[in-house]
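Here is what each chain is made of, one letter per residue.
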Amino acid sequence: MSKLIGKKLKYFHPLDREYKPTFPFVADVENGETKIEADGPYALVCGVVGIEYYDCETEDACWYMRADYAAKTAAFVTAMGTPVLVTDSTLPPEKPVWAPEGKEPVHTIYIDSDWTFIASLHNMGDITLYERAGVKAFSEERPLPKCDGCAYFDAAGDYCRLFDTESITELQPACIDGIDRESIPAIEAGLGREYRKVGKIVIPEFRFKKFYQRKS
């Protein structure tokens, strides 16, 4: 598998002991009834919200798909007794995407980006995320890379495989979905194929859109 990541996703059954995933991430979804392996946060979101996510042509469309899934999930989990808030860091506190009426939220689903969305769902237990040996894109707080240091970026073609565009350096200060290459070593690196469950994910402030509004 290339050191570059993109939008690769595969499904497999939890009881299939013969199947050997190789992608950097594995996740239990659909209440543990399905497993997916994915090569990056974008593909993980596709596996969670549905493959229609691949059809989104803009980040706005992606945002609304994340919002829709998060709101439905929050409503269900809240009805089961655990209040959940859904928001984007740029939204006013009094106008979130979805809020439990008259209840203090126990969990918050942040939909700023693919990375924050997956981290939030894992932290509240809607999905369970695993990383292949040597991978540390979620389990460690990693710095946001510039385009040329991002695992999504194909330097040879000056092309971002996440946003299907040429270098987005002009969109800096940062792309909050960027993943530094060192945090997703290629399987050829020989670090093994074991997968470890990710613990509680710390979402650093630079993963939120609001952080860059303050700096601009």
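Summary of the structure given here. Residue indices follow the written sequence of each chain, beginning from 1 at its first position. This being a predicted model, a pLDDT of at least 70 is required before a residue's local features are given, and a value of 80 or more before pairs of side-chain atoms are given or counted; all residues contribute to the totals for chains, interfaces and linings. Side-chain metrics rest on all non-hydrogen atoms present in the structure, leaving aside hydrogens and water.

## With respect to the packing of helix 1 (residues 41-49) against helix 3 (residues 114-124)
Link 1 in the chain: The geometry of helix 1 relative to helix 3 is characterised by a closest axis approach of 9 Å and an angle of 55 degrees between their N-to-C directions. Between helix 1 and helix 3, the crossing angle belongs to the class labelled oblique. Here the hand of the crossing between helix 1 and helix 3 comes out left-handed. In contact with Pro41, Tyr42, Leu44, Val45, Val48 and Val49 of helix 1, helix 3 contributes Asp114, Trp115, Phe117, Ile118 and Leu121.
Link 2 in the chain: Residue composition of the contact of helix 1 with helix 3, grouped by class: 10 nonpolar, no polar and one charged. To get an axis, a line is fitted to the C-alpha atoms, and for a helix only the part in contact is used. The angle between two axes follows their N-to-C directions and goes from 0 to 180 degrees. The helix count covers DSSP runs of H or I at least four residues long, the strand count covers runs of E at least two residues long, and both are numbered beginning at the N terminus. Relative orientations are named as follows: roughly parallel for angles under 35 degrees, roughly antiparallel for angles over 145 degrees, roughly perpendicular for angles from 65 to 115 degrees, and oblique for any other angle. Note: crossing handedness is left-handed where the near helix turns anticlockwise from the far helix by less than a right angle, and right-handed where it turns clockwise. In what follows, a contact means two residues having at least one pair of non-hydrogen atoms within 4.5 Å. All residues other than Ala, Val, Leu, Ile, Met, Phe, Trp, Tyr, Cys, Pro, Asp, Glu, Lys and Arg, Gly among them, are scored as polar; the first ten of these are nonpolar and the last four charged.

## Topic: the nonpolar core
Considering soluble globular proteins, one finds that nonpolar side chains tend to be buried as a cluster.
Link 1 in the chain: Put simply, buried Ala, Val, Leu, Ile, Met, Phe, Trp, Tyr and Cys residues joined by side-chain atoms within 4.5 Å make one nonpolar core. Each residue is assigned to one of three classes by its accessible area relative to the maximum for its type, calculated with a 1.4 Å probe on protein chains only: buried under 20%, partly exposed between the two thresholds, exposed over 50%. In terms of nonpolar packing, the biggest core is built from 50 residues, with Leu44, Ile109, Phe117, Ile118, Leu129 and Phe138 touching the most fellow members.
Link 2 in the chain: Contributing elements (two or more residues each) for this core: strand 2 (25-29), strand 3 (34-38), helix 1, helix 2 (59-79), strand 4 (84-87) and helix 3.
Link 3 in the chain: Among the elements that make up this core, the one with the highest residue count is helix 1 (seven residues).
Link 4 in the chain: Leucine 129 has contacts with Phe25, Val26, Ala27, Leu44, Ile118, His122, Phe138, Arg196, Lys197, Val198 and Ile201, leaving out every residue within four places of it along the chain.

## A short note on the pattern of salt bridges
Link 1 in the chain: When a carboxyl oxygen of Asp or Glu is within 4 Å of a side-chain nitrogen of Lys or Arg, the pair counts as a salt bridge. Evaluated as defined, the whole model comprises nine salt bridges.
Link 2 in the chain: Its salt-bridge partner being arginine 66, residue glutamate 59 comes within 2.6 Å of it at the nearest N-O pair.
Link 3 in the chain: Given a relative accessible area of 35%, glutamate 59 falls into the partly exposed group.
Link 4 in the chain: Ionic pairing is found between glutamate 140 and arginine 142, a salt bridge with its closest N-O pair at 4.0 Å.
Link 5 in the chain: By relative accessible area, arginine 142 is classed as buried at 15%.

## Notes on the sheet that holds strand 3
Link 1 in the chain: Strands pair, by our definition, only if DSSP identifies at least two bridges between them. Ordered by their spatial adjacency, five strands build an open sheet running 1-3-2-6-10, and the pairing between neighbours is antiparallel. Each edge of the sheet is formed by a strand with only one pairing partner; in this case those strands are strand 1 (9-12) and strand 10 (195-197). Along the sheet, successive strands turn relative to each other by an average axial angle of 25 degrees, direction set aside.
Link 2 in the chain: Helix 1 contacts strand 1, strand 2, strand 3 and strand 6 (128-132) of the sheet and is inclined by roughly 45 degrees relative to strand 1.

## A short note on the packing of aromatic side chains
Link 1 in the chain: Stacked, edge-to-face and tilted are the three classes for Phe, Tyr and Trp ring pairs, Trp counted by its six-membered ring, which pair at centre distances within 6.5 Å; planes under 30 degrees apart are stacked, over 60 edge-to-face, the rest tilted. Summed over the entire model, instances satisfying the criterion amount to eight aromatic pairs.
Link 2 in the chain: Ring plane angle 75 degrees and centroid distance 6.0 Å describe the contact between tyrosine 69 and phenylalanine 117, whose orientation is recorded as edge-to-face. In this pair, tyrosine 69 sits in helix 2 while phenylalanine 117 sits in helix 3, placing the two residues 48 residues apart along the sequence.
Link 3 in the chain: Among the aromatic residues, those joined into a ring-pair cluster are Phe25, Trp115 and Phe138.
Link 4 in the chain: Taking the ring centre of tyrosine 42 as reference, the NZ or CZ of lysine 7 above it sits at 4.7 Å.
Link 5 in the chain: A cation sits over an aromatic face here: arginine 207 above tryptophan 115, 4.5 Å from the ring centre. Geometrically, a lysine NZ or arginine CZ counts as sitting over a ring once it is within 6 Å of the ring centre and also within 35 degrees of the ring normal.

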